[in-house]
Amino acid sequence: MSDVGRTEVRLADAADAAVIARIHMISRVATMPYLPPQKRSHDQVTRWVEDVLLKSCRTWAAVCDGEILGYAALEGDMLEHLYLRPEVRRRGIGTLLLDQVRRHSPAGVSLHVFRQNTDARAFYELHGFTVLDTSDGHRNMERLPDMTLRWTPEGAR
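Let me begin by describing the structure that accompanies this report.

Here is what the cut-offs are and how they apply
- Residues numbered from 1 in each chain as written.
- Predicted model: local features only at pLDDT ≥ 70, side-chain atom pairs only at ≥ 80, totals over all residues.
- Heavy atoms only, no water.
- Phe/Tyr/Trp six-rings, centres within 6.5 Å; stacked < 30°, edge-to-face > 60°.
- Buried < 20%, exposed > 50% of the residue type's maximum accessible area, 1.4 Å probe, protein only.
- Lys NZ or Arg CZ within 6 Å of the ring centre and 35° of its normal.
- Axes fitted to C-alpha atoms, helices over the stretch in contact; angles between N-to-C directions.
- Helix = DSSP H or I, 4+ residues; strand = E, 2+ residues; numbered from the N terminus.
- Left-handed = near helix turned anticlockwise from the far one by under 90°.
- Contact = heavy atoms within 4.5 Å.
- Nonpolar A, V, L, I, M, F, W, Y, C, P; charged D, E, K, R; others polar.
- Core = buried A, V, L, I, M, F, W, Y, C linked by side-chain atoms within 4.5 Å.

### A word on the packing of aromatic side chains
Logical step 1: What the rule picks out here adds up to four aromatic pairs.
Logical step 2: With centroids separated by 5.1 Å and ring planes inclined at 75 degrees, the aromatic side chains of Phe 123 and Tyr 124 adopt a geometry described as edge-to-face.
Logical step 3: When its relative accessible area of 21% is taken as the criterion, Phe 123 is described as partly exposed.
Logical step 4: When its relative accessible area of 8% is taken as the criterion, Tyr 124 is described as buried.
Logical step 5: In this arrangement the basic side chain of Arg 102 is found over the ring face of Trp 151, its NZ or CZ atom lying 4.8 Å from the centre.

### Points about the packing of helix α1 (residues 17-31) against helix α2 (residues 42-56)
Logical step 1: Where α1 meets α2, the closest approach of the two axes is 8 Å, and the angle between their N-to-C directions is 115 degrees. Where α1 crosses over α2, the two elements pack in a sense that is right-handed. Counted together, Ala 17, Ala 18, Ile 20, Ala 21, Arg 22, His 24 and Met 25 of α1 and His 42, Val 45, Thr 46, Trp 48, Val 49, Glu 50 and Leu 53 of α2 form the full contact between these two elements.
Logical step 2: Looking at side-chain class alone, the contact of α1 with α2 contains nine nonpolar, three polar and two charged residues.

### Here we look at the nonpolar core
Logical step 1: Among the nonpolar cores identified, the biggest contains 23 residues, and Leu 79, Leu 82, Tyr 124 and Phe 129 are the most heavily contacted of them.
Logical step 2: Mapped onto this core, the elements with two or more residues apiece are β2 (58-64), β3 (67-75), β4 (78-84), α3 (93-103), β5 (109-114), α4 (118-126) and β7 (146-151).
Logical step 3: In terms of residue count, α3 provides more of this core than any other element does, four residues in total.
Logical step 4: Among residues more than four places away in sequence, those in contact with Tyr 124 are Leu 79, Leu 82, Leu 98, Leu 111, Phe 129 and Leu 149.
Logical step 5: Judged by nonpolar contacts, the second largest core, of 20 residues, contains Met 32, Leu 53, Ala 73 and Leu 144.

What follows is the structure in structure tokens.
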């Protein structure tokens, strides 16, 4: 069943922080098992969402029937985060969030993705992102090889 028709994308606020933190944590565990175990508690991640993420990024929540299904955070033209509850993946929710990000990025969007994250890489490639560069992991705290991807709208190329 698709939740897309009933899902709205709205700006996230401090009242959403605990749910966004939970989605961030469970999504990373479910979709990136190669990551080191999470060292921060839910309360610590919630504080990070409140004090850092929501203050430095334009952050949107995908909401269906009053429940947050996922979120996307954009800082400048850099997509810093796009995470979904694992059980709603492949239902169009990520595309809704990405479309919102792209609407607010008329010159294009960049992002970093772990090379091992083949599902995310395929998702972004499907949506027109191309590889700008690769790294041995020196630029991320997990120290895992990553890639920079970029989407540029047709009119901006």
